[in-house]
Amino acid sequence: MTSPLALLGGNPEVDVPGPHFAWPPVDDTTRAAVAAQLDAAVSIPGRSGVVAALEDGLQAYFGVRHAVTVSSGTAALHALYSAAGIGAGDEVIVPAWTFHATASPLFHLRAVPVPCDIGPDGNIDPARVEEMITPQTRALMVTHMWGRPADMADLAAIAKAHGLALLEDGSHAHGASIHGQKVGTFGLGSAFSLNGPKPLSGGEGGFVLTDDDDTYYRVLTFAHYNKRCKSEIPEGHPLARYAVTGSGLKLRIHPLAAALAFNQLGRLDSYLLGRAEIARYLTEHLARVPGLGIVPVPDGVVTSWYGLTLTYRPEELGGLTLDRFHQALIAEGATGFDRPGSTRPLHELLLYQYPELLFPGHPYRHRRFPAGCFPVSEHAYRHTIKLPVWHREQDLALAEQYVRAVVKVSERHKELL
Ligand SMILES: *Cc1c(COP(=O)(O)O)cnc(C)c1O
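A brief look at the structure comes next.

Quick look at the nonpolar core
Side chains that are nonpolar tend, in soluble globular proteins, to be buried together.
Consideration 1: Of all hydrophobic cores here, the largest spans 57 residues; its most connected members are Y81 and L140.
Consideration 2: Ranked by residues supplied to this core, first place goes to helix α3 (residues 73–83) with seven residues.
Consideration 3: Composition of this core by domain shows at least three residues from each of domain 1 (28–265) and domain 2 (268–416).
Consideration 4: Formed by 33 residues, the second largest nonpolar core is a distinct cluster that contains L5, L310, F325 and V409.

And the structure:
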């Protein structure tokens, strides 16, 4: 039998002081790259310097023709929707459970996000998409939640059959792939965040990927007025005449963020390999613990392990609440355990329930979502507990302590009831 629970006065199982996870990893090469950028340029209006280096690097890494950096993942999504031609009254099918920024920029285009429930893997359920399609549907947006690629074969087939633009939010999933094809390369275009904890981080920033020239010019027009539009949109293209103003927004990445992201990009694959090792250990041991379930990753699918999500099963622990289970883990020193907070089902957010205060007259205003209308998303949100996945060999010892903490709380759950 395990030692007494820390929540009830025993000794914590994890003896390493927290916080246990910091991202992005910063070393002397990172510091030198950012310091050098400080001397080279802190404002880059054209596609040059570190911005060009980062965009070239992203194009090579993802094997796409165009990468356009912007100030955030939210800005990348906004630009991508606009570039895909989404406008007033158009409907876009989005996962009912995703970070809201996957869909919220649609309000600014006076377009209508249409949530669709997720499947057991946590991603938009291909079996539910077709029932959401109406004559107004223009696009299907897919998030690869927590780094696990969605079922792109089925989703691409549905998009194709119904003439919808297939778009991806890869903000959790830089470098994840399906049979060697990287997420972000399956449809017309994709948007990624470079925000703090994301697998590829510049602290702040984002980018759009596309192979389509016209979409690329539209992204530039949306996010990069003047210099980049003048030099990158060919003369004679209908958008070239708008170069000075673009669409009126300026959403450039900061060069220091670009320098950080460029430094990290060279190491992304080694991070992902390291995470895969630790994720293998964690999933193997945690899947066996009563009270927790893990959806296995299919063969040929590589995840970025942005988060290792576990499904809490209170019925296996005498009805112990997840709140109490989580509290007991924190008391054991396993402070990296986290529950999704603001990443909650879209229809539970005020913006999606009552957008009219912020967007008067918006065509979305008639939508109402009773509780229980997206049962898989609602259940997943309330039963998910997740861990960051470390990437260094020396972190395995910490992962072992975390497993011991979980085993202890699970074994002694009756004492918590
Ligand atoms: C982080 C995130 C965004 C927004 O990116 P920012 O860079 O924070 O604006 C969008 N979608 C998903 C899935 C995200 O995780």
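Section: the site of the ligand
Consideration 1: Residues in contact with the ligand amount to 15 residues; listed here are only the nearest, G73, T74, D169, S193 and K198.
Consideration 2: At 2.7 Å from an oxygen atom of the ligand is found a main-chain nitrogen or oxygen belonging to G73.
Consideration 3: Take T74: an N or O atom from its side chain is 2.5 Å from an oxygen atom of the ligand.
Consideration 4: In isolation the ligand exposes 380 Å². Once the protein is present, 91% of that is buried.
Consideration 5: Among the elements that make up the shell around the ligand, the one with the highest residue count is α3 (three residues).

Focus on the pattern of salt bridges
Consideration 1: Counted by the stated rule, this structure contains 22 salt bridges.
Consideration 2: A salt bridge links R392 to D395; the nearest nitrogen and oxygen atoms lie 2.8 Å apart.
Consideration 3: Residue classification places D395 among the buried residues on the basis of a relative accessible area of 8%.
Consideration 4: One connected set of salt bridges, linked through shared partners, spans R47, E55, D56, R228 and E232.

With respect to unusual backbone geometry
Consideration 1: The peptide bond linking G18 to P19 adopts the cis configuration, its omega dihedral lying at -5 degrees.
Consideration 2: At the junction of W23 and P24, the peptide bond is cis and its omega measures out at -5 degrees in the coordinates.
Consideration 3: On the secondary structure map, P24 appears in the segment before α1 (28–40).
Consideration 4: Phi at W146 takes a positive value of approximately 60 degrees, unusual for a residue other than glycine.
Consideration 5: The residue W146 is located in the loop between β4 (137–143) and α6 (152–161) in this model.
Consideration 6: With relative accessibility at 9%, the residue W146 sits in the buried group.

Basis of the calculations
Residues numbered from 1 in each chain as written. Predicted model: local features only at pLDDT ≥ 70, side-chain atom pairs only at ≥ 80, totals over all residues. Heavy atoms only, no water. Core = buried A, V, L, I, M, F, W, Y, C linked by side-chain atoms within 4.5 Å. Buried < 20%, exposed > 50% of the residue type's maximum accessible area, 1.4 Å probe, protein only. Helix = DSSP H or I, 4+ residues; strand = E, 2+ residues; numbered from the N terminus. Domains from an automatic or database assignment. Near = heavy atom within 4 Å. Polar contact = N/O pair within 3.5 Å; in protein donor to acceptor, adjacent residues only side chain to side chain. Areas by Shrake-Rupley, 256 points an atom, 1.4 Å probe, with all protein chains shown as cover. Salt bridge = Lys/Arg side-chain N within 4 Å of Asp/Glu carboxyl O.

Distances and angles like these do not, on their own, reveal function.
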